[in-house]
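Overview (structure and organization)
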Amino acid sequence: MPFARAQETQQSISGIVRNEAGEPLEGVSIRAENTGSGTVVTTTSNNKGVFTFSRLPNGPYRLTFTHIGFTDRVENYVLNDRSISSLAVGLQRGASIAGDEVVVVGYGRASKRDLTGSVKSIKAADFNRGIINSPQDLLQGKISGVNVTSTSGEPGGLQSITVRGPGGIRTSNTPLFVVDGIPLDNSSPGGATNPLNFLNPQDIESIDVLKDASATAIYGSRGANGVVLITTRKGKAGFNNLAYNFSGGFSKLARKLPVFNAADYKREVAALGGEVEDFGGSTDWQDEVTRTAFTQNHNLALSGGNDRLTYYGSFGMQQQEGVLKGNILKRYNGRMNVSQKLFDNRVVIDVNLSANNTVNQRPDIAGLIGGSLSSNPTIPAYDEAGKPYQFENGINPLTVLDLEKDLTTINRILGNVSGAVTIVKGLVYKLNFGVDNSTSTRDVQSLPNTVPLRQGRLATLNNYNRNYLIENYITYSGDRGDHKYTILGGHSYQKVYLQGRGTSINNFPIGGVEPIYNPGTGLELTLANNRPFGYAEINELQSFYSRLNYQFRNKYLFTASLRADGSSKFGDNNKYGYFPSFSAAWIASKEDFLSNSIFSNLKLRAGWGQTGNQEIPAKITQALFTVSAGTSYPLYPAGAYPPGASYTRLANPDLQWEVSRQTDVGVDFEILNGALSGTVDYFRKVTDDILLLVIPADPVQPAPTVWNNVPDMTITNQGLEFDLQYRGRAGKDFSYSIGGNLTLIKNRVENSPYSVIPSGSASGAGLTSATINGYVNGEPIGTFYMQRFTGFDENGLSTYEDVTKDGIVNDKDRLALGSALPTRTYNLFLNMAYKGFDLSANFNGVAGNKVYDNTANAGFYKLLLSKSVNTTPEAIKYPEEAVTNAAPVSSRFLKDGKYFRFNNLTVGYNFNTMKLGISKAITAMRLSLTGQNLFVSTPYNGYDPEVNTDRAIESALSYGIDYLSYPKARTFLLGFNVTF
């Protein structure tokens, strides 16, 4: 029964929304339009299905009820002194599960049904669970075409994310992140932390990813790598609540490397003819430098409002210990979002403000891990006094832990205020002003020590980042008969200021106050070893943009956009770039000939667009003069030579944008009354005008290198994306959904004038001049370019393929032997709910990629073991190998990087507060248990195959290298949520 009389109240409407089984529906969007004045107010039903509109003027209203997975319901209603003001509304499960979803697009919102581009939206309920430090963690594995790779297992560590593959060599491949309308600069705020760690994951309401150029071209020069739009939570009119969320748990090392124990070590060193120095102990150094790490997370949020003022405020605190001792990440967040409607809702003011303090303490990670793998296991960890055991000709890894500290403190404030004014019906002007301000201090401290002898050092680095944005745009929406249209036009100006300074001091006394708290105790402050340094740069971007959305009969859709960007990073002759896009869609399921088909929704779409990439260093188009004593000239007969200026970089006014042209063809479908939905996309993205740091063609140049656009060189990404989801019910109490996504992608570098652009510098004794990656014609980015290991000769020395057949094996015999980029990425998920219980599980994996084990290359071979350096059994894998055999970079240490990971599992119970008799005070209460990184199946024998140690060479990005990487943890969390 659609309406039932409950009580009579003037100028207010309230009610409850239920599904066909009579259960309350939470999250139903209700739109009340006064058909006389055109005034529109909206609200959302709470967890009891209740909604309220208050202080409404009498008059005729059209009430529209929408919820994902249910058929829309529209009711005409007259509000007066005698009208029914408390309603009971029933929604029927219907055809539209994906189509009614509202997603965020550039400079606006749209129904997913009306989109013509490739856009994917993830809501908070579908985010990954567990310890979450950044938005990338929430997304990993959730969206086809989006590949998130953690560079290590460090809390808050760096992550790489690409949308439909990387397209640059020396330019960033990171997508543009936009938080509540503010485009972020991807510059690091300082330290070795993820720049997006400042966002509290529990404040995020949705993440929308714009994947194809028809969707991203509205962001022009920054859209080539995709756009990620993050929307934080807002208050909802009609009800107020206070929510407290807690999670706490522990993490342990997920997998140790199988280095020799004391007995095996002594046996194997002796077998190789090495001299065993037996200290009488039996120490597992990996156990000594790792721990059971504890994590706690608290979040308090209050929200609510009425039809004119809504608010959301939160405070969050997270303390996460790393599994390596001496590592802890502390984060404190505060947020306030307010929306105020004025003048009969013709003016809307939105204010979003967040403040963050992050403190990250790290040990010497490479030294700690390297020591735990290579140290003699017969050395005791501690002496009789309980202090780290000291010995000559080496250092106890626990001593490294005591002496080394890397402490970073980041303070960041992000805020914006926007005002929207409805000038006439359908015509809205919006102003958006935003500021992103961060400061950081990083102290890298090495304490003085006697055994081993250390004089001590303190280096301090300060970073200051400022990002200012002002936007003005106007939108006009209208309809005439079968025609609907929305026109957008605007202007944007963004200014980014970056500054950094560094100082250092050496030679501290042993004992007393740590240098980090009193640098003045240092005894050496010479310019030779402690010269201060710094930098500062300003980047400006001015943009003009427009977009047209057109619909005919609600089934033929067309979108076109154009953006002109002017950047201070480029030369005077190419200051502005122009980025157009076009896309169209046909909702075929609305045609009469498909009215009785299996499709409840079928949409075909295609688009083309052009986007740019401006992520290059500032000022490189301008001439550069350097002042130094080394370029002096004797101006006077006697005395010191004065410093002189040298011409070290030529101006290049012709440098221009790196441009990506992308074509996308896709289909969205729903069958079985919307229970089964999916998306299939084909894409092809070609990037040209590649920006490279190259050697000048003219040998008579003041500088050895120059930035240039390489003519004809291209990088192509093309592939297929599949998304599929099935939602069902079994009886009244059991519901479930199952689905996944798959991405098939190929990357290819073509027409490069260079035989190889080297990247991925190797680390370790004897490897410092070697390279691992190379950008090679006809091969993908991230290609491993090295000699192919073929075995051993009669003397037990390594042999390699002689590609040139000249009888000499050297760098000319290097080959392309696979890539770090996966050709297949996939995700599977399962959600189930029965009465108050629920379960969600997520799996993800990659295939077709390789990983170079630089850790094994530098430390796990027979020669080192014979010198009493501990290794794994990999060092003695080949009995025929000579003890004197060296281990240069080669395919011997190139390994399959595919994996299948049980990413997270959550089991929860939602208490029925009405049955408990506490519903007047507590509206919702939930208990949950989450396991993270529960299982990994992989042939890779390092700590984890999901790794990417940064070994870039002259800004040429490296991929798939594992060198003393921070190991990943397995985590279990207990969660408790309560809403008042």
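In the annotation of an unreviewed UniProt entry, the chain is listed under the name Carbohydrate-binding protein SusC and assigned to Flavihumibacter solisilvae. Quoted verbatim from the Sequence similarities (unreviewed entry) field of UniProt, the annotation for the chain is "Belongs to the TonB-dependent receptor family." Its UniProt record gives the chain a comment under Subcellular location (unreviewed entry), which states: "Cell outer membrane".

**Brief notes about the domain arrangement of the chain**
Domains assigned within the chain are domain 1 (11–90) and domain 2 (102–232). Between the C-alpha centres of domain 1 and domain 2 there is a distance of 34 Å.

**Here's the deal with the nonpolar core**
If you look at the biggest cluster of nonpolar residues, it comprises 54 residues, and the most contacted ones within it are Ile169, Leu373, Leu692, Met713, Ile772 and Tyr852. Put simply, the parts of the chain that give this core at least two residues each are helix 4 (285–289), helix 5 (365–374), helix 6 (397–403), strand 34 (690–694), strand 39 (771–775), strand 40 (783–786) and strand 43 (815–819). Top contributing element to this core by residue count: helix 5, with four residues. Not counting the four nearest positions on each side in its chain, leucine 692 is found in contact with Ile169, Arg170, Val706, Trp707, Asn708, Val710, Met713, Tyr754 and Ile757. Membership of the second largest hydrophobic core comes to 24 residues, among which are Ile122, Ile143, Val146 and Val163.

**Quick word on the environment of isoleucine 671**
Examined against the element boundaries, isoleucine 671 turns out to sit in strand 32 (residues 658–671). The contacts of isoleucine 671, once residues within four sequence positions are left out, are Ile598, Phe599, Ser600 and Leu676.

**Thoughts on the packing of aromatic side chains**
For the coordinates displayed, the defined rule picks out 26 aromatic pairs. Geometrically, the ring pair formed by tyrosine 473 and tyrosine 545 is tilted, given 6.5 Å between the ring centres and 55 degrees between the ring planes. In this pair, tyrosine 473 is assigned in strand 24 (residues 457–480) and tyrosine 545 in strand 26 (residues 533–552), connecting sequence segments 72 residues apart. For the ring pair phenylalanine 837 and tyrosine 909, a centre distance of 4.5 Å and an interplane angle of 50 degrees mean the geometry is tilted. Of this pair, phenylalanine 837 sits in strand 45 (residues 837–847) while tyrosine 909 sits in strand 48 (residues 899–910), and the two are 72 residues apart along the sequence. Among the aromatic residues, those joined into a ring-pair cluster are Tyr107, Tyr219, Tyr473 and Tyr545. Across from the ring centre of phenylalanine 198, 4.0 Å away, lies the NZ or CZ of arginine 412, which sits over that ring. Taking NZ or CZ as reference, arginine 901 lies 4.9 Å from the ring centre of tyrosine 899, over its face.

**Observations concerning helix 5**
Along an α-helix, a turn takes 3.6 residues, which lines up residues three or four apart on a common side. Judged by how many residues are buried, helix 5 sits mostly within the fold: seven of ten residues are covered. Every buried residue belonging to helix 5 is among Ile365, Leu368, Ile369, Gly370, Gly371, Ser372 and Leu373, and all of these are buried.

**Quick notes on helix 3 (residues 262–271)**
For helix 3, the complete set of buried residues consists of Ala262, Tyr265, Glu268 and Val269. End-on, the buried residues of helix 3 take up no more than an arc of 135 degrees, which puts them together on one face. Here the buried face of helix 3 lies against helix 9 (862–866). The N-terminus of helix 3 is capped by asparagine 261, whose side-chain oxygen sits 3.3 Å from the backbone nitrogen of alanine 263. Positive backbone phi, at 85 degrees, marks glycine 273, one or two positions downstream of helix 3.

Definitions and cut-offs
- Every chain's residues receive numbers from 1 upward, in the order its sequence appears when written.
- Totals for whole chains, interfaces and linings use all residues, but because this is a predicted model, local features are given only for residues with pLDDT of at least 70 and pairs of side-chain atoms are given and counted only at 80 or more.
- The side-chain figures draw on all heavy atoms in the structure; neither hydrogens nor water molecules are used.
- UniProt positions are given in the numbering used here, feature names are shortened, and annotations may be inferred rather than shown by experiment.
- Domain extents, as shown, originate in an automatic or database domain assignment.
- We define the nonpolar core as a collection of buried residues of types Ala, Val, Leu, Ile, Met, Phe, Trp, Tyr and Cys that are connected through side-chain atoms lying within 4.5 Å of one another.
- Buried, partly exposed and exposed residues are distinguished by accessible area as a fraction of the type maximum, computed with a 1.4 Å probe on protein chains only: under 20%, between the cut-offs, and over 50%, respectively.
- Strands are runs of DSSP state E lasting at least two residues, helices are runs of H or I lasting at least four, and both sets are numbered from the N terminus onward.
- In this analysis, two residues are considered to be in contact whenever any of their non-hydrogen atoms come within 4.5 Å of each other.
- Here a Phe, Tyr or Trp ring, Trp counted by its six-membered ring, pairs with any other such ring whose centre lies within 6.5 Å, and the pair is stacked when the planes are under 30 degrees apart, edge-to-face when over 60, and tilted otherwise.
- We count a charge as sitting over a ring when the NZ of a lysine or the CZ of an arginine lies within 6 Å of the ring centre and within 35 degrees of the ring normal.
- Summarising the geometry, the arc corresponds to the directions from the helix axis toward the C-beta atoms.
- Polar contacts, as counted here, are pairs of nitrogen or oxygen atoms within 3.5 Å of one another; within protein the pair requires one atom able to donate a hydrogen and one able to accept it, and residues that are adjacent in sequence qualify only if both atoms are side-chain atoms.

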